[in-house]
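Below are the chains, spelled out letter by letter.
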Amino acid sequence: MILTVTPNPAVDHTIHFDEPLQTGVVHRTDDAVFTAGGKGINVAKYVSALDADATASGFLGGHFGKFVRDRLDADGIASDFVTIDADTRLNTTVLAEDGEYKLNHNGPQIRPADVDELVETAQANEPDTLLVGGSLPPGMSLSDVDRLARAGDWKIAVDMGGEYLAELDADYYVCKPNRSELAAATGRTVETEADAVEAAEELHARGFEYVLASLGGDGALLVTDDEVLSAPALDVEVVDTVGAGDAVMSGFLAAREHGLSDADALRMGVLTAARVVGVAGTRVPHLEDVLTNETRVEVTTVRTR
Ligand SMILES: Nc1ncnc2c1ncn2[C@@H]1O[C@H](COP(=O)(O)OP(=O)(O)O)[C@@H](O)[C@H]1O
Ligand SMILES: O=P(O)(O)OC[C@H]1O[C@](O)(COP(=O)(O)O)[C@@H](O)[C@@H]1O
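Residues numbered from 1 in each chain as written. Chains lettered and ligands numbered in written order. Predicted model: local features only at pLDDT ≥ 70, side-chain atom pairs only at ≥ 80, totals over all residues. Heavy atoms only, no water.

Asks: What is the right way to look at helix H8 (residues 244-257) in this model?
Replies: Quick reminder: α-helices carry 3.6 residues per turn. Residues three or four places apart thus point the same way. If you check H8, its first and last C-alpha atoms are 20 Å apart, about what 14 residues at 1.5 Å a residue would give, namely 20 Å. Buried residues dominate H8, accounting for 11 of its 14 residues. Those residues of H8 that sit buried are Ala244, Asp246, Ala247, Val248, Met249, Ser250, Gly251, Phe252, Leu253, Ala254 and Ala255. (Helix = DSSP H or I, 4+ residues; strand = E, 2+ residues; numbered from the N terminus. Expected span 1.5 Å × (residues − 1). Buried < 20%, exposed > 50% of the residue type's maximum accessible area, 1.4 Å probe, protein only.)

Now the structure itself:
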């Protein structure tokens, strides 16, 4: 079972305008979607849809916390959250004619006792793999993530910002940086695929057994002990990219749960992401056939290590 820990869940509000945003103007639309989000929660939703066993955990509080809990229940996603006194946040993605604006709140204040309860919750669930996804709310530190990593006999996956990846101390199973997170984690400029390979290999050398680097429309890389694999993104119509990174991680983790190879896990990551970018926000697209999909994703070996 995969336990996903989202320290900082969110109600994701995705709102669409057919015009560029301007200051001093009231923009109006009837196109708005509210979903339960936060990186670990998205992974629990996508992994469940990929027919692997997942439970969502983390901190929830207030009305938005109730919204997230109710949505997961309604969608049949197993959950085991720590209830906090403060309010879960609302994140807004504005899709306007001039681009995609992501407006994320820092989140509620977490107390040391909340972190203790989270560690106990993780231990009680006895997962094979524990994923920590997304930002840390005020009051929670990276040493708490290392503590979660060491608190049980599980593989630990992280989908966190580059500045976090640079500071983690325990041994991790897999991380999923995007291009800017690779740059932030290593202090390198990451523009070409060769830059991304070097940065991802540096992270691997720092203690991540697998580095799954997502490169937006250029696809994804997987650095293993033995090789560097590459998979192109699919040529699909993109509604928005909210949840795309979470989808790559979900495909990878679900494939591992199904006992698939490194190459198939990378393939499943980009196939899942191709579906997720085709729907608004973090709604779960049709994923049941991803495992048996006929769509060709050619995984190539960039380098043998
Ligand atoms: N424009 C796009 N066309 C097709 N697939 C895309 C596109 N943008 C992202 N993806 C898919 O989503 C994955 C994750 O996107 P990326 O932007 O790297 O992650 P993040 O959401 O973490 O920033 C990519 O590896 C790719 O498979
Ligand atoms: O914890 P952070 O970094 O603020 O990110 C949270 C946001 O990221 C998401 O998980 C989407 O992630 P990606 O677009 O990076 O895949 C949203 O659901 C959520 O609002």
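Next comes the rest of the description.
Asks: Just checking my understanding: could you explain the site of ligand 2 for this structure?
Replies: Lining the immediate surroundings of ligand 2 are 18 residues, of which Asp12, Lys39, Asn91, Ser135 and Gly243 lie closest. Note that an oxygen atom of ligand 2 is positioned 2.9 Å from one of the side-chain N or O atoms of Asn104. One nitrogen or oxygen atom from the main chain of Ser135 is found 2.8 Å from an oxygen atom belonging to ligand 2. Burial of ligand 2 by the surrounding chains reaches 84%, relative to a free accessible area of 490 Å². When atom positions are compared with the pocket grids, ligand 2 is found to occupy the largest pocket. Broken down by secondary-structure element, the contributors of at least two residues to the shell around ligand 2 are helix H1 (39-49), strand S7 (89-96) and H8. Tallying contributions element by element places H8 first for the shell around ligand 2, with 3 residues. (Near = heavy atom within 4 Å. Polar contact = N/O pair within 3.5 Å; in protein donor to acceptor, adjacent residues only side chain to side chain. Areas by Shrake-Rupley, 256 points an atom, 1.4 Å probe, with all protein chains shown as cover. 1 Å grid on protein atoms, 1.4 Å probe; cavity = no way out; pocket = protein on both sides within 12 Å on 5 of 7 lines; lining within 4 Å. Sits in = over half its atoms within 2 Å of the grid points.)

Asks: What is the right way to look at the site of ligand 1 in this model?
Replies: Among the 18 residues in the neighbourhood of ligand 1, the closest are listed as Asn178, Ser214, Gly216, Gly219 and Gly245. Take Lys176: an N or O atom from its side chain is 3.2 Å from an oxygen atom of ligand 1. In the environment of ligand 1, an oxygen atom lies 3.0 Å from a nitrogen or oxygen atom belonging to the backbone of Gly245. When ligand 1 sits alone it has 560 Å² of accessible area, and the protein chains cover 80% of it. Applying the majority rule of atoms within 2 Å of the grid points places ligand 1 in the largest pocket. Contributions of two or more residues to the shell around ligand 1 are made by H8 and helix H9 (262-276). Here the shell around ligand 1 takes 3 residues from H8, the largest share from any one element. Class assignment for the residues of the shell around ligand 1 results in 10 nonpolar, 7 polar and 1 charged. (Nonpolar A, V, L, I, M, F, W, Y, C, P; charged D, E, K, R; others polar.)

Asks: Help me understand the pattern of salt bridges, please; the structure alone is not making it clear to me.
Replies: A pair can form between side chains of opposite charge whenever their charged atoms are brought close. Tallied over the full model, the rule gives 15 salt bridges. Across the pair Arg111 and Asp114 runs a salt bridge, and its minimum N-O distance is 3.0 Å. Between Arg147 and Asp116 there is a salt bridge, and its shortest N-O distance comes to 3.0 Å. In this pair, Arg147 is assigned in helix H4 (residues 142-150) and Asp116 in helix H3 (residues 112-125), connecting sequence segments 31 residues apart. With relative accessibility at 33%, the residue Asp116 sits in the partly exposed group. When salt bridges with common partners are traced through the structure, they connect Arg188, Glu198, Glu202 and Arg206 into a single cluster. (Salt bridge = Lys/Arg side-chain N within 4 Å of Asp/Glu carboxyl O.)

Asks: What is the right way to read the pairing of strand S1 (residues 2-6) from this model?
Replies: Each regular strand shows side chains that alternate between the opposite faces of the sheet. Summarising burial for S1: 5 of the 5 residues are buried, a large majority. Because side chains alternate across S1, one face comprises the buried residues Ile2, Thr4 and Thr6, and the other comprises Leu3 and Val5, equally buried. Bridge count for S1 against strand S9 (residues 129-133) is 4 bridges, and the pairing is parallel. Opposite Val5, over in S9, you have Val132 as the bridge partner. (Pairing = 2+ DSSP bridges.)

Asks: Looking at this model, I keep getting lost on H9. Mind explaining?
Replies: Taking 1.5 Å of rise per residue, 15 residues should cover 21 Å, and H9 covers 21 Å from first to last C-alpha, within 8% of that figure. Counted residue by residue, H9 has 11 buried out of 15 residues, so it is predominantly covered. Along H9, the residues that are buried comprise Asp262, Ala265, Leu266, Met268, Gly269, Val270, Leu271, Thr272, Ala273, Ala274 and Val276. At its buried positions, H9 is contacted by H1, strand S12 (208-214), strand S13 (220-223), strand S14 (227-231) and H8. (Contact = heavy atoms within 4.5 Å.)

Asks: Would you explain the sheet that holds strand S3 (residues 32-37) in this entry?
Replies: Sheet strands line up and pair through hydrogen bonds in the backbone, either parallel or antiparallel. What the 4 strands build is an open sheet, ordered S3-S2-S7-S8; its pairing is mixed. Unpaired on one side and paired on the other, S3 and strand S8 (99-103) mark the two borders of the sheet. Averaged over all pairs of adjacent strands, the angle between strand axes in this sheet comes to 20°, irrespective of strand direction. Here strand S2 (residues 10-16) pairs with S7 via 7 bridges, running parallel. Paired with Thr14 across the bridge in S7 is Thr93. Here helix H2 (residues 62-74) sits on the sheet and contacts S2, S3 and S7; the angle it forms with S3, its principal contact strand, is near 80°. (Axes fitted to C-alpha atoms, helices over the stretch in contact; angles between N-to-C directions.)

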